[in-house]
Amino acid sequence: MVRDYRQLHDPNAEYTMRELSANTMGLEAKREGGRDVRITDVQTTMVDGNFPWTLVRIYTDAGIVGTGEAYWGAGIPELIDRMTPFLVGENPLDIDRLFEHLIQKMSGEGSIAGAAVSAVSGIEVALHDAAGKILDVPAYQLLGGKYRDEVRVYCDCHAGDESEPDSNAAEAERVVEELGYDALKFDLDVPSGHEKDRANRHLSDREIDHKVNIVEAVTDAVGDRADVAFDCHWSFAGGSAKRLATRLEEYPIWWLEDPVPPENHDVQRTVTNASSTPIAAGENVYRKHGHRSLVDEQAVDILAPDMPKVGGMRETRKIADFADTYYMPIAMHNVSSPVATMGSAHVATAIPNSLAVEYHSYQLGWWEDLVEESVIEDGYIEIPEKPGLGVTLDLDTVEEHMVSGEELFDEA
């Protein structure tokens, strides 16, 4: 059965007191210089990469098409279909208003956090691409200009046997020497052989010893040739995370990421304050409001928002600006295709406090084939000067790797 999500009925969306459409706001002035453009359609195609990426396209009556990407996952295309009627007829240059318009319209369907926000994020990235093309400027210019010509990339690494310190060390050596990265990340939430109960989040001393051995092997292997972070994927209890972070103080790690679950920021703060080991978190927090306590209470040393998940490019910029009032750096989490990866790079060049953008697909041989341009070279992304995001989808590659049952975008 085929469902038409564009026709769903929701009285909350239809009668909201904070309706921010152009008609309701009385936006009638004619825009000069080719800026009087209207959205005609929004479409999605899900690509089966190392994550199921949802690519988004916004079509306009000027023949200009904006391409974006939402954070991966089930239900995102349906949510974007649901929001398409709220966008048709709108001017894609009004990025900030349209973001707030969609958040308000989708409030009854969970736009505080979760998939609804990720869906809005994908639309917002596509709006930046479309707006840049309409105005003939790169997307970073819409965010205030740039601080750097190229953005550092950190490579999320996976060894053959991630539980073995020597295997991780060998992969670190390979990625630095053969692939040219000077920033890496490895997982620490890997089996040690000493686990007794997977549910209670507690780490025994032997389990901590095992994780310390991985850190020691990797940092010794790369020396001063690369910075290395370690990811825990929200796995450990507060007390265990504190003990682990304290044990790691003697090692030159870039940061320890997500050592505790993401819901309780009070626990996150106590873990961060317990040691001098830098702590990073933020990928499972949504919008600027979700990051408020992490920043305001200095519950992390490094903030790690995921741009196509957190609310999009402008929302990430707002989060970074708030973090900068506490002199807090940004290391953007990123498991995206080249589209949102480049979107994150545009944000990273526009903010002063960027550390790096993650790359999570180095073992996927066709990742960069998804677009016509080269994206990462020697561990850095050179920010393109082409209008919009500066990447062009290769529709043949998209079609080749679509999720079963998906349809290819319409031609521009």
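Residues numbered from 1 in each chain as written. Predicted model: local features only at pLDDT ≥ 70, side-chain atom pairs only at ≥ 80, totals over all residues. Heavy atoms only, no water.

## Here we look at the overall build of the protein chain
Scanning the protein chain for helices and strands turns up 15 helices and 13 strands. Relative to the compact-globule value of 22 Å for 412 residues, the protein chain shows a C-alpha radius of gyration of 22 Å, a close match. Counting only C-alpha atoms, the protein chain reaches 65 × 45 × 45 Å along its principal axes. Counting the 412 residues in the protein chain, one finds 58% classified as buried. (Helix = DSSP H or I, 4+ residues; strand = E, 2+ residues; numbered from the N terminus. Rg over C-alpha atoms; globule rule 2.2 N^0.38 Å. Buried < 20%, exposed > 50% of the residue type's maximum accessible area, 1.4 Å probe, protein only.)

## A short note on the pattern of salt bridges
Using the criterion set out here, one finds 30 salt bridges in the structure. Notably, a salt bridge pairs D94 with R31, separated by 2.7 Å at the nearest N-O pair. Taken together, the positions of D94 in the loop between helix 3 (76-87) and helix 4 (95-105) and R31 in the loop between helix 2 (22-25) and strand 1 (39-48) put the pair 63 residues apart, joining distant regions of the chain. In this structure, the salt-bridge partner of K185 is D231, at a minimum N-O distance of 3.4 Å. In this pair, K185 sits in strand 5 (residues 183-187) while D231 sits in strand 6 (residues 227-231), placing the two residues 46 residues apart along the sequence. Here K185 and D231 have matching classes, each one buried. It is possible to trace a salt-bridge network through shared partners that takes in D156, K185, D231, E257 and E358. (Salt bridge = Lys/Arg side-chain N within 4 Å of Asp/Glu carboxyl O.)

## Structural notes on the environment of I351
In this fold, I351 is placed in the loop between helix 14 (338-350) and strand 11 (354-359). For I351, a relative accessible area of 0% puts it in the buried group. With 110 residues separating them in the primary sequence, I351 and A241 have C-alpha atoms 30 Å apart. Leaving out residues up to four positions away in the same chain, I351 has contacts with Y147, R148, R317, A320 and I330. (Contact = heavy atoms within 4.5 Å.)

## Quick word on the environment of G180
Relative to the elements of secondary structure, G180 occurs in the loop between helix 7 (165-177) and strand 5. For G180, a relative accessible area of 30% gives the class partly exposed. Sequence spacing of G180 and E377 is 197 residues, and the spatial spacing of their C-alpha atoms is 8.2 Å.

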